[in-house]
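# Structural features, examined
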Amino acid sequence: VQLQASGGGLVQAGGSLRLSCAASGSPFSINVMGWYRQAPGKEREIVAIIRSGSIPNYGDSVKGRFTISRDGAKNMVYLEMNNLKPEDTAVYYCYCYVERRLSGYWGQGTLVTVSS
């Protein structure tokens, strides 16, 4: 399974960005899609996850500011990020999980930089 993320960049604090991720190559349904991030010197953390047929889960630091959505037919997942803060600066990784394979997959990451 391949994941291709796009949409990162440089934005000022208070601004917005939209990340997109396309999944391809899975012969089975993709059950979970989402986003993680890793800031310099920190561990990778969950940003938002959405499971087929369920409500999304968000990391505490992004609740109320970020919105995840998914197009199941296209195997796409999106992350709308509003009111960005400098502490949101990180590499954002797209993730998906295929239950039939009991395997998770990662994209290459896209850098989001928020200037103060």
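Everything here concerns the structure above.
## Considering the environment of E80
Assignment of secondary structure puts E80 in strand β8 (residues 76-81). Residue E80 is classed as partly exposed on the basis of its relative accessible area of 29%. Separated by 78 residues in the primary sequence, E80 and Q2 place their C-alpha atoms 22 Å from one another. Look past the residues within four positions of E80 in its chain and what remains in contact with it is L17, R18, R65, F66 and T67.

## Focus: the packing of aromatic side chains
All chains considered together, the criterion is met by 4 aromatic pairs. Ring geometry for Y36 and W106: centres 5.0 Å apart, planes at 70 degrees, overall edge-to-face. Note that Y36 is positioned in strand β4 (residues 32-38) and W106 in strand β10 (residues 103-106), a separation of 70 residues in sequence. The exposure class of W106 is partly exposed, given its relative accessible area of 40%. Ring geometry for Y93 against W106: centres 6.4 Å apart, planes inclined by 90 degrees, an arrangement best described as edge-to-face. In this pair, Y93 is assigned in strand β9 (residues 90-98) and W106 in strand β10, connecting sequence segments 13 residues apart. A residue is classified by how much of its surface remains accessible, and Y93, at 16% relative accessible area, is buried. Following the ring pairs from residue to residue traces out a cluster consisting of Y36, Y93, Y95 and W106. The cationic tip of R44 hangs over the ring face of Y93; the distance from NZ or CZ to the ring centre is 3.8 Å. The residue whose ring lies beneath R44 is W106, and the NZ or CZ to ring-centre distance is 4.5 Å.

## Re unusual backbone geometry
Despite not being glycine, N75 shows a phi value in the positive range, around 55 degrees. Its place among the elements puts N75 in the loop between β7 (66-71) and β8. The class of N75 is partly exposed, set by a relative accessible area of 22%. Positive phi values are uncommon outside glycine, yet N83 reaches one of about 50 degrees. Tracing the sequence through the fold places N83 in the loop between β8 and β9.

Thresholds applied
Residues numbered from 1 in each chain as written. Predicted model: local features only at pLDDT ≥ 70, side-chain atom pairs only at ≥ 80, totals over all residues. Heavy atoms only, no water. Helix = DSSP H or I, 4+ residues; strand = E, 2+ residues; numbered from the N terminus. Buried < 20%, exposed > 50% of the residue type's maximum accessible area, 1.4 Å probe, protein only. Contact = heavy atoms within 4.5 Å. Phe/Tyr/Trp six-rings, centres within 6.5 Å; stacked < 30°, edge-to-face > 60°. Lys NZ or Arg CZ within 6 Å of the ring centre and 35° of its normal.

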